[in-house]
Amino acid sequence: MQTEPRRNAGYAIMATLRNYGIDAVFGIPGTHNLEFYRHLEELEIKPVTTRHEQGASYGADGWSLTRGLPGVVVTTSGPGLLNSLSGAATAYAESRPMILLSPGRPRGQEFRDIGALHETKNPTGAVGAIVGVSRRVNSALEAVEMIHNAFVSFKHSRPRPVHIEVPLDVLEAEAEFTDADLAARPLGSPQPAPVDDVARAANILARAERPLIIAGGGSLAAGESLLELAEMLEAPVITSVNGKGAIPEKHRLSLGADLRLTAAHAFCREADATLIVGSKIGEAELWEGDIRPAGPVIRVDIMRDQMLTNITPDLELPGNSAAVVPQLAAALKVASEGRPERGRRELQPVFDALDEEGRAIAPELAQLNELIMEALPEDTIIAGDSSQVTYMGTTTFYRAPRPNSLLYMATYATLGYGLPAAVGAKIAAPERPVVCLLGDGALMFAIQELMTAVEQRLDLPVICVDNGGYGEIRANEEARRIAPTAVDLVQPDWVKLAEGFGAVGFEATVETLGETVRKALGTEGPSLIHLRIGA
């Protein structure tokens, strides 16, 4: 059966997204959202049908991080939309671009409480309490304008998810618009910082003997300019987890994403000048540590309120790191004229201290991460989760070659993220190896998305590290002298479970782990490696 073409609001919205480069959307078709789906084949947009709307929003986030465009989630009204909100809240907390599209009650029928299908008191208001912008539109062109504005905001402000509710009568009706209305608009150049302030910052950095760069997710727009600046300053770079890979982590100046470690705290405090680029220095990443440096602090951020969080700067450089970091590099060349050439910093003791502390915190998790990393190709994307194996292992022992190679959410710390995010990443970059590495508790939150991976025919190894339940909460209980309560979980037969989904299942031990990972990487379609650790 051939789809009947219609020039309605659904077409206008989807065509506008396609014009900005969106070629995949995540969601589940429902009674009320079919006019979004009608046009996908015509527009060459791939629909990814997850098995839960939460998986759709996490999948869209993984796709977004890998592709560099906003993830798009299409839900039906009411429960479908509300099911997606954990992913929307993740995107908000981690400052990531996302567009959520949902249908709503026809105009004039809001809040009627008449028992309509999927009736929800105030969906736009509910979502608005979580995302950056949530609006109910009154026309196709208003929805299109919201998309244009969202892309501008994503580039020139702190990225935050946008929700567009389209009333059913608007979504389905024929609409008046031109191709020009739907065309992608120029987004403009990134905002530089004030020239005089950049010169002041360059002079501070040029005089410093022990400069340090702390890079967050907002630094990634700077690209190779950040590495150039670090090499000019001979400044080591330590990142947040969202900034992981801001410079290649095997580079001699990279200290990785280890802000949580006390050795990192001590090193940061010794800096006689600190440049913080695009990071809020989040409490969740510091693990209650103190990194306030002895010398002046310079902060670069696209939002001024972010520059005032957690560490007060001595000098603010408001602007986009894509513009400000090259500005700083150019100004530093001028400020360094006549100064002696910098010698290489001796950083090996710092590297050793970080690795030793990382291993001491969780020796078994460190070991298995190192075994896995030896088996993975250089350009692998790893999707983690709010699992001990991720935040006590992968964040330290995976040396990311480039940004967004570790998919994670350090602030929101949601369970169930890893598998759907891996699905999204593999769809976004089928040419790159993608591996999901997570704990058994996290995997069970989203195990249904293994079916999505099977349906999409994705070569995707999933490594399930089984510690018998919720290991971190078990440790929290023990620390409070509470007997283990509700944390030791009955486990399925993981290999049979994978096979039931149509994937390939492997059992592994620490001794066979590397070999099993290599075997899974060579397996066609999804695979699941079950690794039991602990007692």
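See the structure shown above.
Residues numbered from 1 in each chain as written. Predicted model: local features only at pLDDT ≥ 70, side-chain atom pairs only at ≥ 80, totals over all residues. Heavy atoms only, no water.

Remarks on the nonpolar core
(1) Moving on: Leu 17, Leu 101 and Ile 164 are the most contacted members of the largest nonpolar core, which totals 113 residues.
(2) Moving on: Of the residues forming this core, the biggest block, 8 residues, is contributed by helix α8 (residues 140-156).
(3) Moving on: Not counting residues within four places of it along the chain, the set of residues in contact with Leu 101 comprises Ile 13, Met 14, Leu 17, Phe 36, Val 72, Val 73, Val 74, Thr 75 and Ile 164.
(4) Moving on: In terms of nonpolar packing, the next biggest core, distinct from the first, is built from 56 residues, Ala 202, Ile 204, Val 297 and Leu 328 among them. (Core = buried A, V, L, I, M, F, W, Y, C linked by side-chain atoms within 4.5 Å. Buried < 20%, exposed > 50% of the residue type's maximum accessible area, 1.4 Å probe, protein only. Helix = DSSP H or I, 4+ residues; strand = E, 2+ residues; numbered from the N terminus. Contact = heavy atoms within 4.5 Å.)

Examining empty space enclosed by the protein
(1) Moving on: A full pass over the atoms with the stated rule returns 1 cavity of 30 Å³ or more.
(2) Moving on: For the largest cavity, the calculated volume is near 60 Å³.
(3) Moving on: Lining the largest cavity we find Leu 65, Arg 96, Val 241, Asn 242, Lys 244, Asn 404, Ser 405, Leu 406 and Tyr 408. (1 Å grid on protein atoms, 1.4 Å probe; cavity = no way out; pocket = protein on both sides within 12 Å on 5 of 7 lines; lining within 4 Å. Points joined across faces, edges and corners; volume = space filled by probe spheres on them.)

As for helix α24 (residues 494-501)
(1) Moving on: The set of residues buried in α24 consists of Trp 494, Val 495, Ala 498 and Phe 501. Summarising the axial view, the buried residues of α24 lie within an arc of 125 degrees, below the 170-degree limit, and thus occupy one face. When the buried face of α24 is taken as reference, the exposed residues oriented beyond 90 degrees from it are Lys 496 and Gly 500.
(2) Moving on: Gly 502 lies just past α24 and shows a positive phi near 95 degrees. (Arc of directions from axis to C-beta.)

What about the packing of helix α1 (residues 9-19) against α8?
(1) Moving on: Where α1 meets α8, the closest approach of the two axes is 9 Å, and the angle between their N-to-C directions is 15 degrees. What the angle tells us is that α1 and α8 run roughly parallel. Here α1 runs over α8; the crossing is right-handed. Of the residues in α8, those touching α1 at Ala 9, Ala 12, Ile 13, Thr 16 and Leu 17 are Ala 140, Ala 143, Val 144, Ile 147, His 148 and Phe 151.
(2) Moving on: Grouping the amino acids of the contact of α1 with α8 by side-chain chemistry returns 9 nonpolar, 2 polar and no charged. (Axes fitted to C-alpha atoms, helices over the stretch in contact; angles between N-to-C directions. Parallel < 35°, antiparallel > 145°, perpendicular 65-115°, else oblique. Left-handed = near helix turned anticlockwise from the far one by under 90°. Nonpolar A, V, L, I, M, F, W, Y, C, P; charged D, E, K, R; others polar.)

Some details on the packing of aromatic side chains
(1) Moving on: If you walk through the whole model with that rule in mind, you get 5 aromatic pairs.
(2) Moving on: Measuring from centroid to centroid gives 4.0 Å for Tyr 20 and Phe 151, while their planes differ by 10 degrees, and the two rings are stacked. Remark: Phe 151 occurs in helix α8 and Tyr 20 occurs in the loop between α1 and β1 (24-27); sequence separation between them is 131 residues.
(3) Moving on: Relative accessible area serves as the criterion here: at 10%, Tyr 20 is assigned to the buried category.
(4) Moving on: For the pair Tyr 58 and Tyr 417, a centre-to-centre distance of 5.5 Å together with 65 degrees between the ring planes defines the contact as edge-to-face. You can see Tyr 58 sitting in helix α4 (residues 53-67) and its partner Tyr 417 sitting in the loop between β13 (406-407) and α20 (418-428), a full 359 residues away along the chain.
(5) Moving on: Exposure remark for Tyr 58: the relative accessible area of 1% places this residue in the buried category. (Phe/Tyr/Trp six-rings, centres within 6.5 Å; stacked < 30°, edge-to-face > 60°.)

A short note on the layout of surface pockets
(1) Moving on: Here the largest pocket defines a volume of roughly 1,200 Å³.
(2) Moving on: Along the walls of the largest pocket sit 45 residues, with Ser 95, Pro 159, Gly 217, Gly 218 and Leu 220 positioned nearest its centre.
(3) Moving on: Of all the secondary structure elements, the ones that give two or more residues to the lining of the largest pocket are α4, α8, β10 (297-301) and α16 (321-335).
(4) Moving on: When the residues that make up the lining of the largest pocket are grouped by side-chain class, the tally is 17 nonpolar, 19 polar and 9 charged.
(5) Moving on: In terms of lining, the second largest pocket is formed by 27 residues, of which the most central are Gln 388, Asn 467, Tyr 470, Gly 471 and Glu 472.
(6) Moving on: Only α18 (363-375), α19 (388-397), α21 (440-445) and α23 (471-479) provide two or more residues apiece to the lining of the second largest pocket.
(7) Moving on: Sorting elements by how many residues they give to the lining of the second largest pocket places α23 first, with 6 residues.
(8) Moving on: For the lining of the second largest pocket, the per-class residue count stands at 14 nonpolar, 8 polar and 5 charged.

Section: the packing of helix α11 (residues 195-207) against α16
(1) Moving on: Put simply, α11 and α16 touch, their axes get as near as 8 Å, and they point 60 degrees apart. Put simply, α11 runs oblique to α16. Both α11 and α16 take part in a crossing whose hand is right-handed. Touching Val 195, Val 198, Ala 201, Ala 202, Asn 203, Leu 205 and Ala 206 of α11 are Gln 327, Leu 328, Ala 331, Leu 332 and Ala 335, all from α16.
(2) Moving on: For the contact of α11 with α16, the residue count by class is 10 nonpolar, 2 polar and no charged.

Examining the pairing of strand β14 (residues 434-439)
(1) Moving on: Along β14, 6 of the 6 residues are buried, which leaves the element largely enclosed by surrounding structure.
(2) Moving on: Every second residue of β14 is oriented toward a common face, with Val 434, Cys 436 and Leu 438 on one face and Val 435, Leu 437 and Gly 439 on the other, all of them buried.
(3) Moving on: Judged from the 3 bridges that link them, strand β12 (residues 381-383) and β14 form a sheet pairing that is parallel. Bridging from a neighbouring strand, Ile 381 pairs with Val 434 of β14. (Pairing = 2+ DSSP bridges.)

Things to note about the environment of Ala 193
(1) Moving on: Inspection of the secondary structure puts Ala 193 in the loop between α10 (179-182) and α11.
(2) Moving on: Residue Ala 193 is classed as buried on the basis of its relative accessible area, which comes to 6%.
(3) Moving on: Through-space distance from the C-alpha of Ala 193 to that of Arg 160 is 22 Å; in sequence the pair is 33 residues apart.
(4) Moving on: Setting aside residues up to four positions removed in sequence, Ala 193 forms contacts with Val 198, Leu 317, Pro 318, Val 324 and Gln 327.

Things to note about the sheet that holds strand β4 (residues 98-104)
(1) Moving on: Read across the sheet, 6 strands follow the order β2-β1-β3-β4-β6-β5 without closing on themselves; strand pairing throughout is parallel. Pairing within the sheet leaves two strands with one partner each, and these edge strands are β2 (46-49) and β5 (133-136). Between one strand axis and the next, the sheet turns through 20 degrees on average, direction left out of account.
(2) Moving on: By the bridge criterion, 2 bridges tie β1 to strand β3 (residues 71-74) in an arrangement that is parallel. In the strand pairing of β3, Phe 26 is matched with Val 73.
(3) Moving on: Along the sheet, α1 contacts β3, β4 and β6 (162-167); its crossing angle with β4, the most-contacted strand, is approximately 170 degrees.
(4) Moving on: Along the sheet face, α4 touches β1, β3 and β4 and points at about 160 degrees away from the line of β3.

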